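# Residue-level structural notes
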Amino acid sequence: MRPIISKLLILFTCIFGVRGIMFNLLPNTQKCLKDEMQPKQLVTGDYEVTDLPGQKVDYVIKDSKGHILSQKDQISKGKFTFSSEHYEAFEICFISKVSPHQRGLTHDVFLSVKKGVETKSYEGYGEAAKLKPLEIDMKRLEDLSDSIVQDFAIMRKREEEMRDTNESTNNRVLFFSIFSMCCLLGLATWQVLYLRRYFKAKKLIE
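Reference entry: report on the structure contained in this document. Everything numeric here is computed off the predicted structure, so don't read it as measured data.

### Details of the sheet that holds strand β4 (residues 55-63)
- Read from one edge to the other, the open sheet built from four strands follows the order β2-β7-β4-β5, with strand pairing classed as antiparallel. With partners counted over all chains shown, the strands left at the sheet margins are β2 (30-37) and β5 (68-72), one partner each. Neighbour-to-neighbour, the strand axes of the sheet open up by a mean angle of 15°, direction not taken into account.
- Pairing between β2 and strand β7 (residues 88-98): eight bridges, direction antiparallel. Across the sheet, M37 pairs through a bridge with E88, a residue of β7.

### Considerations on the pattern of salt bridges
- Enumeration over the complete set of coordinates arrives at seven salt bridges.
- Between R156 and E160 there is a salt bridge, with the nearest N and O atoms lying 3.7 Å from each other. On the criterion of helical spacing, the pair formed by R156 and E160 is a turn pair, its members being four residues apart in helix α3 (residues 133-201).
- Here R156 falls in the exposed class, since its relative accessible area comes to 58%.
- Look at E160 and you get partly exposed, because its relative accessible area is 33%.

### Points about the environment of R158
- Note that R158 resides in helix α3.
- On the basis of relative accessible area, R158 is assigned to the partly exposed category, the value being 30%.
- Apart from residues no more than four positions distant in its own chain, R158 is found in contact with E36, Q38 and Y87.
- Among the polar contacts listed, one links the side chain of R158 to the side chain of Y87, at a separation of 2.8 Å.

### Some words on the environment of K77
- Its location among the elements puts K77 in strand β6 (residues 77-82).
- Judged by its relative accessible area of 61%, K77 is exposed.
- The spacing of K77 and L111 is 34 residues in sequence and 9.9 Å in space, taken between C-alpha atoms.
- Look past the residues within four positions of K77 in its chain and what remains in contact with it is Y47 and E48.

### What to know about the side chain of K115
- By the element assignment, K115 lies in strand β8 (residues 107-115).
- Residue K115 is classed as buried on the basis of its relative accessible area of 12%.
- Here D35 takes part through its side chain, which lies 3.3 Å from a polar atom of the side chain of K115.
- Separated by 2.4 Å, the side chain of K115 and the backbone oxygen of E36 make a polar contact.

What counts, and where the lines are drawn
Here the residue numbers are simple positions, counted from 1 along each chain's written sequence. Given that this is a predicted model, residues contribute local features only at a pLDDT of at least 70 and side-chain atom pairs are listed and counted only at 80 or more, while totals for whole chains, interfaces and linings are drawn from all residues. Values reported for side chains reflect all heavy atoms of the structure, with hydrogen atoms and water molecules removed beforehand. Strands were regarded as paired on the criterion that DSSP finds at least two bridges between them. Only runs of H or I of at least four residues qualify as helices and only runs of E of at least two qualify as strands under DSSP, and these elements are numbered from the N terminus. Axis lines are fitted through C-alpha atoms, for helices just across the contact stretch, and the angle between N-to-C directions can take any value from 0 to 180 degrees. The term salt bridge refers to a side-chain nitrogen of Lys or Arg lying within 4 Å of a carboxyl oxygen of Asp or Glu. Any residue under 20% of the maximum accessible area for its type is buried, any over 50% is exposed, and the rest in between are partly exposed; the area is computed with a 1.4 Å probe on protein chains only. By definition, residues are in contact when any of their heavy atoms lie within 4.5 Å. Between N or O atoms, a polar contact is any pair within 3.5 Å; within protein, one atom must be a potential hydrogen donor and the other a potential acceptor, and residues adjacent in sequence are included only when both atoms are from side chains.

Any link to function would need more than the numbers given here.
Below you can see the structure in the form of structure tokens.
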């Protein structure tokens, strides 16, 4: 039983692993990363920036409406935490600032982001609830399973919304096409009748 649970944990870790990334930040530039979060979902992160003399790096996290969720100046190493009441896309930006009289160097930035069930500390939970290691693993698997079900439910809801939008758009296009054809047929009929009366008035036809 224990090996099976260990394999399942490895599988879930691969799917829902910590979103860690390392990148270079050029002098006097900014680099932004975007992600999404579900309603009332906790988002935490760890960051570390190489320390270079005379240079500083700031970070700011904003939602899709431009509201600041977290911000700090002159960072080197630390953490951040935020959440939202609604489904939201957020953007994490790291900004390099170097004096114009100084030749800037490239910063190395490491960022690790966790969301939802990834942010839970099962070790502390197990100690508080006096659970055995196997029970802690089962609790972790249960939470991961619930997270997967919720993600699939959200994906299904989005798919239904997109399908409804497509069907609505197709119906509107169809009605517009029919209306355009009726207008063209009406205009063509009016032109034929007008020209017929005109030629009869000029006695060009009988």
